[in-house]
Amino acid sequence: MKRELCMHRRTTLFFGLFTLLAALPGCSKKSDTAASKASVVLALDWVPEPEFGGFYAAREGGLFAKAGLDVVIVGGGAGVPVVQMVAAGQADFGISGADEILMARARGVDIVPLFAVFQTSPQAIMVHASRDVKNISDLLAQGGTLAIEHGLPYAAFLKKKYGFDKVRVVPYDGGIAQFVLDKSYAQQCFVTSEPIAARKQGAMPTTFLIADEGYNPYIVVAVTRRALLKEKPDLVRAFRRAALDGWRRYLDDPAPTNAVIAKLNPSLDPTALPMIAATQQPLIETTVTRAKGLGAMSKERWTAIMQQLVELKIIDQPLPVDDLLAAAE
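Just so you know, these numbers come straight off a predicted model, no measurement behind them. (Residues numbered from 1 in each chain as written. Predicted model: local features only at pLDDT ≥ 70, side-chain atom pairs only at ≥ 80, totals over all residues. Heavy atoms only, no water.)

A word on the packing of aromatic side chains. In the structure shown here, the tally under the stated rule is 7 aromatic pairs. Where Phe93 meets Phe239, the ring centres are 3.9 Å apart and the plane angle is 5°; that geometry is what we call stacked. Of this pair, Phe93 sits in strand S3 (residues 93-96) while Phe239 sits in helix H11 (residues 233-252), and the two are 146 residues apart along the sequence. Of the two residues examined, Phe93 and Phe239, each falls in the buried class. Above the face of the Tyr218 ring, Arg301 is positioned so that its terminal group lies 4.1 Å from the ring centre. (Phe/Tyr/Trp six-rings, centres within 6.5 Å; stacked < 30°, edge-to-face > 60°. Helix = DSSP H or I, 4+ residues; strand = E, 2+ residues; numbered from the N terminus. Buried < 20%, exposed > 50% of the residue type's maximum accessible area, 1.4 Å probe, protein only. Lys NZ or Arg CZ within 6 Å of the ring centre and 35° of its normal.)

Here it is as structure tokens:
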């Protein structure tokens, strides 16, 4: 089942992926099948799913190859610290979230974002429609059980804004079984995942985006290390352009890429993939991207999320924001 960013991140899978990445060719080498192309590694922060559809579309549709890149896409999983791998040179590019990127930079990890796929975070709370809950504030006032990953920034934001005094907070277990069984049970979710699965099992969930409450970090942000940007700016720009072209292709017609994703991740219900793609599209394509292009980021958004992390005492002090956007130009 779909994860929240940083959710259930255990270290057990890290070592296997680290070993795999160490064995892959670096961006300075050439792959055997594409000797004239720069071979690079893109590390995802979760398993192959439609939220990464544009990257697979760029690979399968030859857009990376046309840009002179031989891109190896490595699926992630619980316990895989993508940001640290990119910073350490074990992957050339990676996928993370804006708040996780800022927290890493506060620890001195010198990574830079290239573009943001999701303009609106899909993170949400889902509740049974039969409870007639109007919003998250109403849910927290009603009581019941709330399954949430308590230590995450968005959970801290909700707790500070509304308090959790009237709900019984339990750890999120990564599934929907308890939600389906218990009408008083609410839980965190991605609107692109758990609600769709719950409906397929006969439940009737209502979802409330955390973004509507005022906490809306960019999600599925492509990052690289600053050293690579300085050493090979043309390679980084080529990756960025091709990946965004891939996202345009995926959004226009997700079906061919979804077929590839279904093969890469057999645990996914193939019949759910069109619903996932349709659900995530308005979170990716917005009035901002229509004006500024897919992947657009703004100084104002980065400043806002950074200030929220300071107010939540997750990072100690504000960080320089201007150089965050330099890599996206």
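Structure shown, so let's carry the discussion forward.
Turning our attention to the packing of helix H2 (residues 53-60) against H11. When two helices pack together, you describe them by how their axes are tilted relative to each other and by the distance separating the axes. Look at H2 against H11: their axes get within 7 Å of each other, and the N-to-C directions meet at 105°. The orientation of H2 relative to H11 falls into the category roughly perpendicular. Contacts between H2 and H11 pair Gly53, Gly54, Phe55, Ala57 and Ala58 from the former with Phe239, Ala242, Ala243, Gly246, Trp247 and Tyr250 from the latter. Here the residues of the contact of H2 with H11 sort into 8 nonpolar, 3 polar and no charged. (Axes fitted to C-alpha atoms, helices over the stretch in contact; angles between N-to-C directions. Parallel < 35°, antiparallel > 145°, perpendicular 65-115°, else oblique. Contact = heavy atoms within 4.5 Å. Nonpolar A, V, L, I, M, F, W, Y, C, P; charged D, E, K, R; others polar.)

Further remarks concern the side chain of Thr257. Mapped onto the elements, Thr257 comes out in helix H12 (residues 255-264). The class for Thr257 is buried, based on a relative accessible area of 7%.

Here we come to the sheet that holds strand S10 (residues 219-225). Read across the open sheet, the 5 strands follow the order S2-S1-S3-S10-S4; overall the sheet is mixed. With partners counted over all chains shown, the strands left at the sheet margins are strand S2 (69-74) and strand S4 (111-118), one partner each. Within this sheet the neighbouring strands show an average axis-to-axis angle of 25°, counted without direction. Where strand S1 (residues 38-43) and S2 come together, 6 bridges link them in parallel fashion. Looking at the pairing, Val40 lines up with Val71 of S2. Contacts from helix H5 (residues 98-106) reach S3, S4 and S10, with the element oriented near 170° to S4. (Pairing = 2+ DSSP bridges.)

Turning our attention to helix H13 (residues 273-284). The end-to-end C-alpha separation of H13 is 16 Å, in line with the 16 Å expected for 12 residues at 1.5 Å each. Of the surrounding elements, those touching the buried residues of H13 are S4, helix H9 (194-200), strand S9 (205-209), H11, H12 and helix H14 (287-292). (Expected span 1.5 Å × (residues − 1).)

For H12, the complete set of buried residues consists of Thr257, Asn258 and Ile261. Buried residues of H12, seen end-on, are gathered within an arc of 100° and therefore sit on one face of the element. For H12, the secondary structure elements touched by its buried residues are H2, H11 and H13. (Arc of directions from axis to C-beta.)

A large share of strand S5 (residues 123-128) lies buried, amounting to 6 of its 6 residues. Side-chain alternation along S5 places Gln123, Ile125 and Val127 on one buried face and Ala124, Met126 and His128 on a second face that is also buried.

The subject of this paragraph is the nonpolar core. Ranked by size, the top nonpolar core spans 60 residues in total, and within it Leu42, Phe55, Phe93, Phe115 and Phe239 carry the most contacts. Per-element tally for this core: the top contributor is H11, with 10 residues. With near-sequence residues (within four places) excluded, Phe55 lies in contact with Leu42, Phe64, Ile73, Ile95, Phe115, Val117, Val220, Phe239, Ala243 and Trp247. Among the nonpolar cores identified, the runner-up in size contains 51 residues, and Ala98, Met103, Leu152 and Tyr215 belong to it. (Core = buried A, V, L, I, M, F, W, Y, C linked by side-chain atoms within 4.5 Å.)

That is the geometry; function is a separate question.
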